[in-house]
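# Structure at a glance
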Amino acid sequence: MQVPAPFEYARATTVDEAVALMGRFGDTARLIAGGHSLLPMMKLRLANFDYLIDINDLHGELGFIAVEPGVVRIGALTRHRELLDSAELAGVFPIFRDAERVIADPVVRNRGTLGGSLCQADPSEDLSAVCTTLDASCVIRGPLGTRTVSMADFHRGPYETAVADGEILTEVRFPVRDRGGSAYSKVERRAGDWAVVSAGSAVWLDDGGRIADARVGLAAVGPNTTGIPEISATLRGEEPSDEVFARAGEIAARSCEPATDQRGSAEYKRHLAAELTVRTLRTAVARAARGEA
Amino acid sequence: MTDTRQRSFEDNDQKPMGFGRMLRKEDPRFVRGRGRYTDDVQLPGMLHLAILRSPFAHARIVSVDTSAAAALPEVKAVITGADLAGLGLAWMPTLSGDVQAVLATDKVRFQGQEVAFVVATDRYAARDALELIDVEYDVLDPVIDVRQALAEGAPLIRDDLDGKTDNHCFDWETGDADATAAVFAKADVVVSQDLVYPRVHPAPMETCGSVADFDPVEGRLKLWSTTQAPHAHRTLYAMVAGIPEHKIQVISPDLGGGFGNKVPIYPGYVCSIVGSIVTGKPVKWMEDRSENLISTGFARDYIMRGEIAATRDGKILAIRTNVLADHGAFNGTAAPVKYPAGFFGVFTGSYDIEAAYCSMTAVYTNKAPGGVAYACSFRITEAVYLVERIVDCLAYELDMDPAALRLKNFIQPDQFPYMSKTGWEYDSGDYEPTMRLAMELAGYDELRKEQAEKRTRGELMGIGISFFTEAVGAGPRKHMDILGLGMADGCELRVHPTGKAVVRLSVQTQGQGHETTFAQIIAEEIGIAPADIDVVHGDTDNTPFGLGTYGSRSTPVSGAAAALVARKVRDKARLIASSMLEVSVADLEWEKGSFHVKGDPGTAVTIQDIAMRAHGAGDLPDGLEGGLEAQICYNPSNLTYPHGAYICVVDVDPGTAVVKVRRFIAVDDCGTRINPMIIEGQVHGGLTDGVGMALMEMISFDEDGNCLGASLMDYLIPTALEVPDWETGFTVTPSPHHPIGAKGVGESATVGSPPAIVNAVVDALKPYGVRHADMPLTPSRVWDAMRGTAQPPI
Ligand SMILES: Cc1cc2nc3c(=O)[nH]c(=O)nc-3n(C[C@H](O)[C@H](O)[C@H](O)COP(=O)(O)OP(=O)(O)OC[C@H]3O[C@@H](n4cnc5c(N)ncnc54)[C@H](O)[C@@H]3O)c2cc1C
């Protein structure tokens with residue numbers, strides 16, 4: 001048994017109370033959601049905090065998936081498991097189900113949350129790549145009220161986000177557009193391992209079947225999960241084809257900044273960035289064309 | 001003789017009176033959470049111990065200041081290497097006759113080495129206090145790359161050893177160098193290949209730990225500890241700690257896996273004893289996961305060059321190898337004294353060849369000590385990998401089918417007992433039927449056709465074969481000892497008046513199902529139902545002396561002891577039966593569970609009747625004592641040599657280089673099969689372990705000597721999702737010298753499977769001209785192999 005350093009613990013009963021507690025304790029405190037990122041670090045004593053504020057009682061307030069006209073809203077405390085199981089969500093954004101099938105294992109998925117995933121801001125984090133792909137925006141609440149930031153602004157660097165001390169991520173919003181399709185793919189050394197590389201793609205077709213817009217998000221190939229605007233620009237207006245996807249793949253490979261580590265060489269990761277971009281674009285287009293979203 | 005893949009519960013529970021499928025007697029307590037492990041031991045007043053470990057791979061200790069830690073009210077003792085040195089306990093012997101620091105005094109020699117310990121009222125306080133110990137280190141250059149260990153000017157690791165000026169650990173050779181060179185010189189074809197068997201960890205689910213309870217009045221030590229060899233440990237404690245052996249009781253309760261990891265004596269065990277002596281209270285030490293992974297016995301870490309000589313038509317003539325072995329900072333290999341490289345000498349495999357030679361150099365590096373079983377089967381894992389990989393390299397160069405090449409070179413049935421060119425006497429074997437069965441189960445020819453067709457479409461499919469012969473069941477004691485303790489095993493059997501029995505073993509199960517298997521062996525011999533036989537093990541006060549469980553030795557050694565002790569009891573029962581039935585012994589016939597008068601099956605006494613008579617008031621034959629019990633110490637006359645044929649089918653994604661193990665066919669021959677269900681379980685587990693080693697496991701280090709596999713997020717072990725539905729089969733070639741003909745099976749699959757998987761992946765990559773790729777075959781490494789840019793994994 002790995003044991004963390006001593007800390008104080010409180011359970012918030014409302015979002016306001018959580019915000020108040022966070023405001024009081026500042027950077028000596030941390031929210032705990034699923035705990036699957038925070039607790040391992042505390043047990044290894046890589047992270048030590050004086051106060052933990054448990055928000056798991058806020059599931060009523062922060063655990064939801066709302067599919068509305070033009071937008072999908074997902075509460076920060078929604079569990080991986082709920083994202084995986086939601087047929088409604090998969091109907092709009094199949095990328096979620098693709099991703100959730102390969103994130104961690106059932107035990108982690110039963111507890112880990114969307115908010116915890118984004119706020120952990122691990123460069124290998126899969127849901128961040130999904131959110132980037134879908135052009136999500138994050139709703140953050142603090143003592144002064146609520147603000148909304150885009151995914152591009154949310155991640156400030158590895159393990160750093162726009163959420164300031166005393167603030168809490170409450171919700172993530174995803175714009176829904178017509179004739180869209182999305183997909184996710186990950187290469188891992190073993191089921192439940194973090195990605196060697198993963199890629200998400202979302203594509204929207206015009207009436208003639210051309211690519212009206214497309215977005216690609218990659219994980220584990222740089223300091224943050226990043227969208228690649230050059231790919232979007234290249235794909236817009238194109239007739240979908242393997243040749244076009246391959247061009248997008250090349251851009252992905254050269255736009256990312258992978259590092260060599262235990263999971264693989266930087267060169268291999270670049271290769272995967274291309275390969276998985278091509279594969280997910282192909283699936284996303286096929287889904288959009290079939291009207292599967 | 002194939003095993004169907006799905007078996008019903010009933011089919012696995014045939015309630016045999018002896019050998020056959022039966023559910024495991026120990027499982028009800030495990031599946032209901034009623035197992036009792038070392039960490040479950042709670043004693044009144046028990047304190048908790050935590051160990052401070054070195055953050056550096058190589059550093060001189062300048063000073064250790066424990067005052068702040070000692071000042072915490074929860075802290076009862078803080079002990080450093082200097083304190084232990086004062087007691088003469090700072091160093092202890094390793095299983096290979098080297099010494100290892102219990103707590104570092106002069107230098108730390110690997111990251112994670114024990115530096116000091118704290119005893120406190122609870123585990124949290126003990127751990128918190130570690131943060132308050134201030135150690136000043138003078139950091140030294142480490143030796144991490146084993147190939148640089150003997151380089152000019154390499155930092156000296158073992159300056160504690162008198163006169164030591166380099167990092168050389170030992171040299172070892174076997175076989176005939178000149179004869180082998182002569183054969184190589186005349187051979188048509190010589191193939192040479194460099195291979196790395198990376199350092200891996202046994203990673204048992206339960207980490208290591210102990211609870212020491214020293215009674216200062218009686219001078220008696222009771223030690224619960226995670227050990228696969230309780231008796232050997234007790235003797236070593238007596239020798240190290242100076243507590244008389246009869247005053248030490250070692251109890252190894254339920255073990256959550258061992259795989260060789262629980263063979264060595266770790267500093268933590270000794271610290272808990274010292275902690276209890278110092279505080280006068282029971283002291284518990286339980287490692288956490290990171291401590292287990294970074295500091296306890298690893299396996300493998302052999303860098304090998306394999307060479308094979310053959311005729312153009314595929315007759316193998318000779319095998320030669322040179323090995324560089326990384327033994328870490330202290331030589332803690334668990335191996336018999338005369339076998340510093342374990343049983344690596346069986347690297348000639350299952351083939352009848354003219355000559356063989358191995359030379360090995362072992363070195364010290366700034367890494368954790370160890371070198372353990374399962375995990376190693378006394379280094380047979382490395383030997384089998386070498387020979388089975390190099391034979392495939394030969395097949396590649398000869399453009400010959402690897403199955404055909406093996407079939408052409410097998411030792412033939414009439415050659416057994418077969419003396420290998422490195423001096424190992426293979427007891428029995430009949431290889432071709434085993435190989436043919438595996439090929440039949442796999443549909444080998446069809447698979448090759450499918451592969452040819454797929455290759456035309458650019459799809460990558462590989463078929464890999466490995467055929468192994470193991471040498472398990474150490475001793476005999478005259479050749480094999482650990483620190484002077486001969487490798488033999490005791491066994492005691494006592495039949496109670498009502499005909500129930502208790503058997504006491506010197507070996508200790510870690511999941512192998514001894515409580516079932518040994519009851520079945522006794523049942524087979526004396527006809528008492530397995531359910532009526534209690535199996536006692538793991539407690540030195542209540543079991544006879546013996547060397548413990550590792551290297552697949554329990555069934556070959558203790559299994560033989562159990563059969564023979566039961567026969568002794570049966571012999572006595574026969575005398576009693578003759579007086580009960582008033583006929584001469586010669587007129588009695590034994591039918592499992594009873595004696596009857598020859599030709600008159602109606603006139604019979606059961607073993608239960610006899611047991612009551614043995615303890616009763618009635619007359620016993622003249623000169624016969626009461627009671628029905630016996631004791632034995634079994635010293636095996638030879639090792640047993642199980643074999644098997646494994647075939648693996650993989651698909652490799654050409655775009656991502658991800659390997660999927662599609663099928664795995666394992667045909668094992670472990671001689672007489674006691675409980676086929678347990679055998680299959682052992683095989684399934686070992687195959688899974690093989691997938692781990694072949695595809696993902698490796699303890700690696702950065703250049704500063706930081707261990708990069710310190711958690712199970714970093715050190716990957718396989719899950720159910722990485723393994724296929726195992727397809728198993730068997731042949732039976734009994735051991736001629738074992739009383740029931742059984743050979744060991746615990747490590748067969750761990751030994752046999754990695755080369756089958758690697759051979760399959762390499763076969764899949766044949767269109768890329770790949771002849772070899774080193775483990776672990778992660779997607780990145782496979783991709784490198786496809787592009788011809790692979791580097792050895794060190
Ligand atoms: C074995 C294992 C395997 C894993 N594999 C993967 C994988 O393959 N892919 C992957 O993407 N992830 C993986 N994960 C991570 C997993 O998905 C985590 O659970 C998740 O990333 C974090 O969610 P959580 O709710 O557990 O966060 P927590 O651990 O509770 O919190 C993480 C951080 O976020 C902060 N936080 C949490 N909620 C909020 C909020 N609402 N507002 C502000 N800050 C907040 C916390 O203070 C903390 O700093 C794995 C984890 C484990 C243990």
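Residues numbered from 1 in each chain as written. Chains lettered and ligands numbered in written order. Predicted model: local features only at pLDDT ≥ 70, side-chain atom pairs only at ≥ 80, totals over all residues. Heavy atoms only, no water.

As annotated in an unreviewed UniProt entry, chain B carries the name Carbon-monoxide dehydrogenase large subunit and comes from Winogradskya humida.

The name an unreviewed UniProt entry assigns to chain A is Carbon monoxide dehydrogenase medium subunit, from the organism Winogradskya humida.

### Observations regarding the overall build of chain A
Counting secondary structure elements, chain A contains 13 helices and 14 strands. On C-alpha atoms alone, chain A measures out to a radius of gyration of 19 Å, which is about the 19 Å that the 2.2 N^0.38 rule sets for 293 residues. If you line up chain A on its principal axes, its C-alpha atoms span 60 × 45 × 30 Å. Of all 293 residues assigned to chain A, the portion counted as buried reaches 57%. Across chain A, contacts joining residues at least 24 apart in sequence account for 63% of those joining residues at least 6 apart. (Helix = DSSP H or I, 4+ residues; strand = E, 2+ residues; numbered from the N terminus. Rg over C-alpha atoms; globule rule 2.2 N^0.38 Å. Buried < 20%, exposed > 50% of the residue type's maximum accessible area, 1.4 Å probe, protein only. Contact = heavy atoms within 4.5 Å.)

### Topic: the pattern of salt bridges
Proximity of charged atoms lets side chains of opposite charge pair with each other. Residue and element names in this part refer to chain B. Enumeration according to the criterion identifies 79 salt bridges over all chains in this entry. A salt bridge links arginine 567 to glutamate 525; the shortest N-O distance between them is 3.0 Å. You can see arginine 567 sitting in helix 14 (residues 554–581) and its partner glutamate 525 sitting in helix 13 (residues 514–526), a full 42 residues away along the chain. One continuous salt-bridge network, built from bridges that share partners, spans Arg60, Asp98, Asp106, Lys107, Arg109, Arg158, Asp159 and Asp160. (Salt bridge = Lys/Arg side-chain N within 4 Å of Asp/Glu carboxyl O.)

### Section: the site of the ligand
Around the ligand sit 32 residues in total, of which Leu31, Gly35, Thr113, Glu125 and Lys186 of chain A are the nearest. Nearby residues place the ligand at the junction of chains A and B. Between the ligand and histidine 36 of chain A there is a distance of 2.8 Å, counted from an oxygen atom to a backbone nitrogen or oxygen. The backbone of aspartate 193 of chain A places a nitrogen or oxygen atom 3.4 Å from an oxygen atom of the ligand. In the complex, 94% of the free accessible area of the ligand, which totals 970 Å², lies under the protein chains. (Near = heavy atom within 4 Å. Polar contact = N/O pair within 3.5 Å; in protein donor to acceptor, adjacent residues only side chain to side chain. Areas by Shrake-Rupley, 256 points an atom, 1.4 Å probe, with all protein chains shown as cover.)

### Some words on the UniProt feature "domain: Aldehyde oxidase/xanthine dehydrogenase a/b hammerhead" (unreviewed entry) in chain B
As annotated by UniProt and renumbered to match this structure, "domain: Aldehyde oxidase/xanthine dehydrogenase a/b hammerhead" (unreviewed entry) occupies residues 32–141 of chain B. Counted over residues 32–141 of chain B, helix gives 17% and strand 37%. Its end C-alpha atoms are 51 Å apart. (UniProt positions renumbered as here; feature names shortened; annotations may be inferred.)

### Let's talk about the interface of chain B and chain A
Chain B puts 31 residues into the contact, and the matching count from chain A is 26 residues. Applying the counting criterion to the chain B and chain A interface returns four salt bridges. Across the pair arginine 45 of chain A and glutamate 131 of chain B runs a salt bridge, and its minimum N-O distance is 3.4 Å. Between the two partners, chain B and chain A, sit 14 residue pairs in polar contact (both at pLDDT 80 or more). For the side of chain B that touches chain A, the elements supplying multiple residues, two or more each, are helix 4 (123–130), helix 8 (289–295) and helix 18 (779–787) of chain B. A total of five residues in the side of chain B that touches chain A trace back to one element, the largest contributor, which is helix 18 of chain B. Among the residues forming the side of chain B that touches chain A, the class breakdown is 12 nonpolar, seven polar and 12 charged. (Nonpolar A, V, L, I, M, F, W, Y, C, P; charged D, E, K, R; others polar.)

### Comments concerning the pairing of strand 7 (residues 145–150) of chain A
Residue and element names in this part refer to chain A. In this structure, strand 6 (residues 137–142) lies alongside strand 7, joined through six bridges in antiparallel fashion. Bridge pairing in strand 7 links arginine 141 to threonine 146. The hairpin formed by strand 6 and strand 7 contains two residues between the paired strands. (Pairing = 2+ DSSP bridges.)

### What to know about the side chain of serine 735 of chain B
Residue and element names in this part refer to chain B. Here serine 735 is to be found in the loop between strand 32 (727–730) and helix 17 (748–764). A distance of 3.5 Å separates a polar side-chain atom of serine 735 from the backbone nitrogen of histidine 738. Leaving out residues up to four positions away in the same chain, serine 735 has contacts with Asp427, Ser428, Thr640, Gly741, Ala742 and Lys743.

### Let's talk about helix 17 of chain B
Given 3.6 residues per helical turn, the α-helix brings residues three or four places apart onto the same face. In this model, helix 17 of chain B (17 residues) spans 25 Å end to end at C-alpha, consistent with the 24 Å of a helix rising 1.5 Å per residue. Across the 17 residues that make up helix 17 of chain B, a large majority, 17, are buried. (Expected span 1.5 Å × (residues − 1).)

### Quick look at the domain arrangement of chain A
Interfaces are frequently sized by the accessible area removed from exposure as the parts join. Partitioning chain A into structural domains gives domain 1 (8–58), domain 2 (59–175) and domain 3 (180–290). Computed from C-alpha atoms alone, the centre-to-centre distance between domain 1 of chain A and domain 3 of chain A is 35 Å. (Domains from an automatic or database assignment.)

### A look at the packing of aromatic side chains
Counted under the stated rule, the structure contains 29 aromatic pairs over all chains. The structure contains a cluster of three or more aromatic residues connected by ring pairs, namely Tyr339, Phe343, Phe378, Trp424 and Tyr550 of chain B. Sitting over the ring of tryptophan 204 of chain A, arginine 177 of chain A keeps its end group 3.8 Å from the ring centre. (Phe/Tyr/Trp six-rings, centres within 6.5 Å; stacked < 30°, edge-to-face > 60°. Lys NZ or Arg CZ within 6 Å of the ring centre and 35° of its normal.)

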